[in-house]
Amino acid sequence: MVTRISGRAWVVGDSVTTDALYPAFAMKLPVAEAARHVLYELRPGWTEQVEPGDILIAGRNFGLGSSRPVAVLLRELGIAALAADEFNSLFLRNCVNHGLPALTVPGVRGAFADGDIARLDVEASWIENATTGDRLTAGALPPLVLDILEAGGILPKLVREGYLPNDV
């Protein structure tokens, strides 16, 4: 796994729900099509602006709500990592399970504006706004989480370790 990630920042607020991230009607669509509806109520047109390698920055309690697999859609869009002041715990676990790095970084939302260049190191637990020079320390990810992320998610990890067949 590449532990250092650099990309353009997109900033959203507090308590963004999984309903806003993955609307119910989109759950019946193929992943590529459903991904085009991420945040469509909060940020119309956003998915057309996202480029591979971009980083989503959020406030407190990001991913509040159901256990919809939003990480799959964010990865489909090319989002390389997430950083938030605080994640909803179920949402955070879904990100890990799907191999999407997510760092908890108090104060991160206030340190970035849309379009700033974000650099982060998942293993060293920091994020930097390359535009302003500000660097913040993230909560360290446990070795097991780093191992899951390195494998690309929980299912690839279980395949790699021989617990599941290769055709999962």
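Report on the accompanying structure.

Analysis parameters
Within each chain, residues carry numbers counting from 1 in the order of the written sequence. pLDDT decides what is reported in this predicted model: residues at 70 or higher carry local features, side-chain atom pairs at 80 or more are listed and counted, and totals for whole chains, interfaces and linings draw on all residues regardless. With hydrogens and water stripped out, all remaining heavy atoms of the structure feed into the side-chain values. Strand pairing is assigned whenever DSSP detects at least two bridges linking the two strands. The numbering of helices and of strands both runs from the N terminus, where a helix is a DSSP run of H or I of at least 4 residues and a strand a run of E of at least 2. As a rule, the C-alpha atoms of each element are fitted with a line to give its axis, helices using only the stretch in contact, and angles between N-to-C directions run from 0 to 180 degrees. By definition here, a salt bridge exists when the distance from a side-chain nitrogen of Lys or Arg to a carboxyl oxygen of Asp or Glu is within 4 Å. For every residue, the accessible area obtained with a 1.4 Å probe (protein chains only) is divided by the maximum for its type, and the residue is called buried under 20%, exposed over 50%, and partly exposed between those limits. Residue contacts are counted whenever heavy atoms from the two residues lie within 4.5 Å of one another.

Regarding the sheet that holds strand β7 (residues 135–137)
Consideration 1: Read across the open sheet, the 7 strands follow the order β4-β3-β2-β1-β5-β6-β7; overall the sheet is mixed. On the outer flanks of this sheet lie β4 (102–104) and β7, each paired with one strand and no other. Going from strand to strand, the sheet's axes swing by 30 degrees on average, the running direction of each strand aside.
Consideration 2: Pairing analysis gives 4 bridges linking strand β5 (residues 117–121) to strand β6 (residues 126–129), with the strands arranged antiparallel. When the sheet's bridge partners are listed, Asp 121 is paired in β6 with Trp 126.

Some points on the pairing of β5
Consideration 1: When strand β1 (residues 4–11) meets β5, the two strands line up antiparallel, connected through 5 bridges. Looking across to β5, one finds that Arg 8 is bridged to Ile 117.
Consideration 2: Between the end of β5 and the start of β6, which pair antiparallel, lie 4 residues, with Ser 125 showing a positive phi angle near 65 degrees.

Observations regarding the pattern of salt bridges
Consideration 1: Following the criterion strictly, the structure yields 12 salt bridges and no others.
Consideration 2: Close ionic contact of Asp 54 with Arg 8 constitutes a salt bridge, the shortest N to O distance being 2.9 Å. Here Arg 8 lies in strand β1 and Asp 54 lies in the loop between α3 (46–49) and β2 (55–58), a separation of 46 residues in the sequence.
Consideration 3: Under the relative-accessibility criterion, Arg 8 is labelled partly exposed at 23%.
Consideration 4: For Arg 119, the salt bridge goes to Glu 128, with nearest N and O atoms at 2.9 Å.

Some words on the side chain of Ser 125
Consideration 1: Relative to the helices and strands, Ser 125 resides in the loop between β5 and β6.
Consideration 2: We classify Ser 125 as buried; its relative accessible area is 6%.
Consideration 3: Setting aside chain neighbours within four positions, we find Ser 125 in contact with Leu 136, Thr 137, Ala 138, Gly 139, Ala 140 and Leu 141.

Describing unusual backbone geometry
Comment: phi is negative for the bulk of residues other than glycine, and the bulk of peptide bonds are trans.
Consideration 1: Unlike most non-glycine residues, Ser 15 shows phi in positive territory, near 50 degrees.
Consideration 2: Here Ser 15 shows up in the loop between β1 and α1 (18–21).
Consideration 3: For Ser 125, which is not a glycine, the phi torsion comes out positive at approximately 65 degrees.

A closer look at the environment of Arg 119
Consideration 1: Structurally, the position occupied by Arg 119 is in strand β5.
Consideration 2: Here Arg 119 falls in the partly exposed class, since its relative accessible area comes to 37%.
Consideration 3: Through-space distance from the C-alpha of Arg 119 to that of Arg 75 is 18 Å; in sequence the pair is 44 residues apart.
Consideration 4: In this view, Arg 119 contacts Ile 5, Ser 6, Trp 126, Ile 127, Glu 128 and Ala 130; residues no more than four positions away in its chain are not counted.

Some points on the pairing of β1
Within a regular beta strand, the side chains point alternately toward one face of the sheet and then the other, so they alternate between its two faces.
Consideration 1: Examined bridge by bridge, β1 and β2 share 3 bridges and lie parallel to one another. When the sheet's bridge partners are listed, Val 11 is paired in β2 with Ile 57.

Here we look at helix α7 (residues 143–151)
Consideration 1: Taken together, the buried positions of α7 are occupied by Val 145, Leu 146, Ile 148, Leu 149 and Ala 151.
Consideration 2: Turning to α7, the residues buried within the fold contact α5 (89–97) and α8 (154–160).
Consideration 3: Downstream of α7 by a residue or two, Gly 152 has a phi angle that is positive, lying close to 95 degrees.

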